[in-house]
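Single-letter residue listing:
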Amino acid sequence: MDTSEVATMLNMSTSWVYWEASKLGLRGYKLGQGRNAKVLYKRTEVFKWLEQQKIH
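Residues numbered from 1 in each chain as written. Predicted model: local features only at pLDDT ≥ 70, side-chain atom pairs only at ≥ 80, totals over all residues. Heavy atoms only, no water.

(A) Structural context of the side chain of Asp2. Counting through the fold element by element, Asp2 comes out in the segment before α1 (3-10). A polar side-chain atom of Asp2 sits 3.0 Å from a polar atom in the side chain of Ser4. Each residue touching Asp2, except ones within four places of it in the same chain, is listed here: Lys38, Val39, Leu40 and Tyr41. (Helix = DSSP H or I, 4+ residues; strand = E, 2+ residues; numbered from the N terminus. Polar contact = N/O pair within 3.5 Å; in protein donor to acceptor, adjacent residues only side chain to side chain. Contact = heavy atoms within 4.5 Å.)

(B) Molecular detail of the packing of α1 against helix α2 (residues 14-24). Where α1 contacts α2, the axes come no closer than 8 Å and their chain directions differ by 100°. Overall, the two elements α1 and α2 adopt an arrangement that is roughly perpendicular. Contacts between α1 and α2 involve Thr3, Ser4, Val6, Ala7 and Leu10 from the first element and Thr14, Trp16, Val17 and Tyr18 from the second. Within the contact of α1 with α2, the residues separate by chemical class into six nonpolar, three polar and no charged. (Axes fitted to C-alpha atoms, helices over the stretch in contact; angles between N-to-C directions. Parallel < 35°, antiparallel > 145°, perpendicular 65-115°, else oblique. Nonpolar A, V, L, I, M, F, W, Y, C, P; charged D, E, K, R; others polar.)

(C) Layout of a nonpolar patch on the surface. There is a patch of nonpolar side chains on the surface, built from Met9, Phe47 and Leu50 and spanning about 230 Å² of accessible area. Structurally, Phe47 can be placed in helix α3 (residues 43-52). (Patch = residues over 30% accessible without salt bridge, like charges linked within 9 Å, V, L, I, M, F, W, Y side chains within 5 Å. Areas by Shrake-Rupley, 256 points an atom, 1.4 Å probe, with all protein chains shown as cover. Salt bridge = Lys/Arg side-chain N within 4 Å of Asp/Glu carboxyl O.)

(D) The environment of Lys48, seen in detail. Counting through the fold element by element, Lys48 comes out in helix α3. For Lys48, a relative accessible area of 57% gives the class exposed. Along the backbone, Lys48 and Met12 are 36 residues apart, and their C-alpha atoms lie at a distance of 18 Å. (Buried < 20%, exposed > 50% of the residue type's maximum accessible area, 1.4 Å probe, protein only.)

(E) Structural context of the pattern of salt bridges. Applying the stated criterion to the full structure yields three salt bridges. The residue Lys38 makes a salt bridge to Asp2 at a minimum N-O spacing of 4.0 Å. Linking Lys38 in strand β2 (residues 38-41) with Asp2 in the segment before α1, this pair joins segments that are 36 residues apart in sequence. Across the pair Glu20 and Lys23 runs a salt bridge whose closest N-O atoms are separated by 3.6 Å. Pair noted here: Glu20 and Lys23 are both in helix α2, with a separation of three residues, about one helical turn. For Lys23, a relative accessible area of 63% translates into the label exposed.

Listed below in C-alpha coordinates is the structure:
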(Lines give C-alpha, C1' and ligand atoms only; values in the text may rest on other atoms or scores of the structure.)
Protein backbone atom coordinates (compact mmCIF):
# COMPACT_ATOMS: atom_id res chain seq x y z
CA MET A 1 0.00 0.00 0.00
CA ASP A 2 1.29 3.46 -0.68
CA THR A 3 1.08 6.34 1.76
CA SER A 4 -2.08 7.83 0.31
CA GLU A 5 -3.91 4.48 0.59
CA VAL A 6 -2.88 4.15 4.24
CA ALA A 7 -3.96 7.74 4.91
CA THR A 8 -7.35 7.13 3.30
CA MET A 9 -7.88 3.92 5.27
CA LEU A 10 -7.01 5.64 8.57
CA ASN A 11 -8.91 8.82 7.65
CA MET A 12 -5.76 10.89 8.20
CA SER A 13 -3.59 13.07 5.99
CA THR A 14 -0.60 11.72 4.10
CA SER A 15 1.69 14.02 6.07
CA TRP A 16 0.36 12.49 9.31
CA VAL A 17 1.21 9.03 8.01
CA TYR A 18 4.75 10.14 7.08
CA TRP A 19 5.36 11.71 10.50
CA GLU A 20 3.58 9.26 12.79
CA ALA A 21 3.89 5.85 11.13
CA SER A 22 7.30 4.97 12.54
CA LYS A 23 6.28 6.16 16.01
CA LEU A 24 3.25 3.88 15.86
CA GLY A 25 5.22 0.89 14.66
CA LEU A 26 4.17 1.01 11.01
CA ARG A 27 7.29 0.32 9.04
CA GLY A 28 7.60 1.99 5.65
CA TYR A 29 9.65 0.60 2.79
CA LYS A 30 11.29 3.28 0.66
CA LEU A 31 11.58 2.68 -3.07
CA GLY A 32 14.22 4.87 -4.66
CA GLN A 33 16.33 7.66 -3.28
CA GLY A 34 15.83 11.28 -2.44
CA ARG A 35 12.82 13.35 -1.53
CA ASN A 36 10.57 11.89 -4.20
CA ALA A 37 11.11 8.25 -3.27
CA LYS A 38 7.90 6.31 -2.86
CA VAL A 39 7.15 4.81 0.56
CA LEU A 40 5.13 1.61 0.70
CA TYR A 41 3.62 -0.23 3.65
CA LYS A 42 2.82 -3.92 3.90
CA ARG A 43 -0.94 -4.41 3.95
CA THR A 44 -0.63 -7.16 6.58
CA GLU A 45 1.36 -4.87 8.90
CA VAL A 46 -1.20 -2.07 8.56
CA PHE A 47 -4.09 -4.43 9.36
CA LYS A 48 -2.14 -5.96 12.24
CA TRP A 49 -1.56 -2.47 13.69
CA LEU A 50 -5.25 -1.65 13.26
CA GLU A 51 -6.22 -4.86 15.06
CA GLN A 52 -3.98 -3.86 18.00
CA GLN A 53 -5.82 -0.52 18.25
CA LYS A 54 -9.18 -2.19 18.80
CA ILE A 55 -10.94 -1.22 22.02
CA HIS A 56 -12.07 -4.30 23.90
